[in-house]
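So the chains spell out like this:
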Amino acid sequence: MASQITPVEAARDASPRIGVAHRNGDSEPLLRASGVKLRRELSLFDSLSINVGIIVGSGIFTSPGVVLLAAGSVGAGLLSWVVAGLLALLSSLTFAELGASIPLAGGSGAFFKVAFGRPWSFFYVWTMFFAVTAGSINLIATSFAQYLLSGISSVEIEHGELNGDVRVKYIAILCVVMLTFLNCAGVRFGAVVQNLLGACKAALVALVVVLGISFYINDRTVLERNMSQPFRGSSLSGFGPSMVAALWAFCGWGDVVFLAEEMKNPEKDIPRTAFYSIAIVTITYLAVNLSFLSVLPSTDVQSSVTVAMDLGKVVIGQGAGRWIAIIVSISLLGSINGVIMCGGRYLYGAAKSGEAHRWLGYVSELTGAPTTALIFQGAWSVLLLSWSSNFLEILSYFGAASFFIYGLSAAAQIQIRHKLPDLHRPYGVPFHPVVFGLLNNIVQLLPICMCFRIHVRILPRLLFSGEREKPWWRH
């Protein structure tokens, strides 16, 4: 019986090189790493907190109305959240197998190199840098700035008064700069910050759920009316867009693989983090949606872009909206911090394997953080924010590229199974990899197609013809 290939054994032994042999027997490794190493300081709790913190951003507070409106009914809307959670789990488990088998800071860049060769790894690294990571950071930072301004000023976010507001741009830039330098203090410090912000996020979710339960105890009529005929008015054509809108709220499910070289036990903790985080997030999203529906009529949820603030106003009073906006902004800091922390690691991995200049692989001896990669990433994000802080423009920039990368990762899993059958796999996805990978790629194609429909076909008509009579998913 052939011995298993274990590409990370040398890394555990502090060897300066790690490699996976070419299939044809060439001894030149596909993956390399220098003797300068990141510090293994992250526990399962840390990685779980980081992953959940990245996923739970503004989506759950802005998407429920879009999901419900597209689905056409309360029952179909809740089903969309369940299906989106299952689809996110499919993709997350793919990252779990790849990350546990090849636990390197390069994440998908390392997977692409093994599966498809260096050009695809190069393509991944710079797509992530120029579009996906910067777009994600700026998208959340813009939401953070809008919610914070709405909480501390008289400007209302739900009326679109903050679109194009220069204060949003300045606050978002300041946020990115501060969190970038905080993460330069080391992964342990970054994890502590993430855990604290995660506690604030958990407090916000708990507050929403408690408010919903307390309102339901005193007045059950709203939820009973919403759930009286849960699938009445369901739209079959709108279920796909509804599910895609819910799926946006799960973005970030695979980012934990970037921290593989800093996890104490990546082979076990990456699969655990992948499964537990999606399970926690899905249950949380369902609980929050039920809380909204316990307080607000379904028509009000459909028309709201700040549904958590509306819930607070109904249960507590008008002044509660501002406080909830501030708490939501603090929650969003956790998402930004997690994305910045993980983003610096793929640049570090790229520098070590030759897809980026080696100065990006510098690790501070004092803090153990890839400071050059973090600052480089932060500088590009600030440059993009100075160009535009418009939410829709950033979403257009970031969306399709993000899901295209997710789809390629599923294809990489199939290729690596075929190319390296003896690779040591601490965890393997259920079902045959081809079936699993095809399902995964279908999942990723839906948002890409939707982005194309929205931004290529529909937006020009909205901008230049004024046509607004039909919802975007029915064009």
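Residues numbered from 1 in each chain as written. Predicted model: local features only at pLDDT ≥ 70, side-chain atom pairs only at ≥ 80, totals over all residues. Heavy atoms only, no water.

1. Structural notes on the confidence of the model for the chain
For the chain, per-residue confidence averages 78 on the pLDDT scale, and 78% of positions sit at 70 or higher. Averaged pLDDT values over the elements of the chain bottom out at 34 in helix α1 (residues 9–12) and peak at 92 in helix α11 (residues 266–295). This stretch, residues 6–35, has a pLDDT under 50; its non-local contacts, to residues over four places away or in other chains, come to 52 contacts. This stretch, residues 451–475, has a pLDDT under 50; its non-local contacts, to residues over four places away or in other chains, come to 33 contacts. (pLDDT = per-residue confidence, 0-100. Helix = DSSP H or I, 4+ residues; strand = E, 2+ residues; numbered from the N terminus. Contact = heavy atoms within 4.5 Å.)

2. Section: the pattern of salt bridges
Inspection of the entire model under this criterion finds seven salt bridges. Here Glu355 ties to Lys113 by a salt bridge, and the two come within 3.2 Å at their closest N and O atoms. Separated by 242 residues along the polypeptide, Glu355 in the loop between α14 (320–353) and α15 (371–387) and Lys113 in helix α5 (residues 108–116) bring together distant segments of the chain. Salt-bridge contacts for Arg345 lead to Glu262; the nearest nitrogen and oxygen are separated by 2.8 Å. Remark: Glu262 occurs in the loop between α10 (236–248) and α11 and Arg345 occurs in helix α14; sequence separation between them is 83 residues. Look at Arg345 and you get buried, because its relative accessible area is 0%. (Salt bridge = Lys/Arg side-chain N within 4 Å of Asp/Glu carboxyl O. Buried < 20%, exposed > 50% of the residue type's maximum accessible area, 1.4 Å probe, protein only.)

3. Side note on the packing of aromatic side chains
One pass over the structure, following the stated rule, counts 17 aromatic pairs. Aromatic side chains Trp126 and Phe129 sit 5.5 Å apart centroid to centroid with 85° between the ring planes, which places their arrangement in the edge-to-face category. You can see Trp126 and its partner Phe129 sitting in helix α6 (residues 118–152), three residues apart, about one turn around the helix. Residue Trp126 shares its accessibility class with Phe129, and that shared class is buried. Note on Phe250 and Tyr285: the rings are 5.0 Å apart at their centroids and 65° apart in plane angle, and the pair reads as edge-to-face. Here Phe250, found in the loop between α10 and α11, pairs with Tyr285, found in helix α11; they are 35 residues apart in sequence, far enough to count as distant. Considered together, Phe250 and Tyr285 belong to a single accessibility category, that of buried residues. Here the aromatic cluster, defined as three or more aromatic residues joined through ring pairs, consists of Phe112, Phe116, Trp120, Phe123, Tyr124, Phe258 and Tyr346. (Phe/Tyr/Trp six-rings, centres within 6.5 Å; stacked < 30°, edge-to-face > 60°.)

4. Quick look at the packing of helix α2 (residues 44–55) against helix α8 (residues 187–218)
Here α2 crosses α8 at 55°, and the two axes come no closer than 9 Å. The angle between the axes of α2 and α8 places the two elements in the oblique class. At the point where α2 passes α8, the crossing takes the left-handed sense. On the side of α2, the interface is formed by Phe45, Asp46, Ser49, Ile50, Gly53 and Ile54, while α8 contributes Arg188, Ala191, Gln194, Asn195 and Lys201. In terms of residue class, the contact of α2 with α8 is made up of four nonpolar, four polar and three charged. (Axes fitted to C-alpha atoms, helices over the stretch in contact; angles between N-to-C directions. Parallel < 35°, antiparallel > 145°, perpendicular 65-115°, else oblique. Left-handed = near helix turned anticlockwise from the far one by under 90°. Nonpolar A, V, L, I, M, F, W, Y, C, P; charged D, E, K, R; others polar.)

5. Brief notes about the environment of Ser234
The topology assignment puts Ser234 in the loop between α9 (221–226) and α10. Expressed as a C-alpha distance, the spacing of Ser234 and Ala76, which sit 158 residues apart in the sequence, is 6.2 Å. Discounting residues that sit within four places of it in the chain, Ser234 has contacts with Ala71, Gly72, Ser73 and Ala76. Among the polar contacts listed, one links the side chain of Ser234 to the side chain of Ser73, at a separation of 2.6 Å. A distance of 2.7 Å separates a polar atom in the side chain of Ser234 from the backbone oxygen of Phe231. (Polar contact = N/O pair within 3.5 Å; in protein donor to acceptor, adjacent residues only side chain to side chain.)

6. A look at a nonpolar patch on the surface
Together, Leu79, Val82, Leu86 and Phe231 make up an exposed nonpolar region whose accessible area comes to about 360 Å². Topologically, Leu79 is positioned in helix α4 (residues 74–101). (Patch = residues over 30% accessible without salt bridge, like charges linked within 9 Å, V, L, I, M, F, W, Y side chains within 5 Å. Areas by Shrake-Rupley, 256 points an atom, 1.4 Å probe, with all protein chains shown as cover.)

7. Considering the packing of helix α13 (residues 307–315) against α14
Pairs of packed helices are described in terms of their axes, by the angle between the two and the distance that separates them. With their axes 8 Å apart at the nearest point, α13 and α14 run at an angle of 145° to one another. The chirality of how α13 crosses α14 is right-handed. Here Ala308, Met309, Gly312 and Lys313 of α13 come into contact with α14, specifically with Ala320, Gly321, Ile324 and Ala325. Taken together, the residues of the contact of α13 with α14 sort by class into five nonpolar, two polar and one charged.

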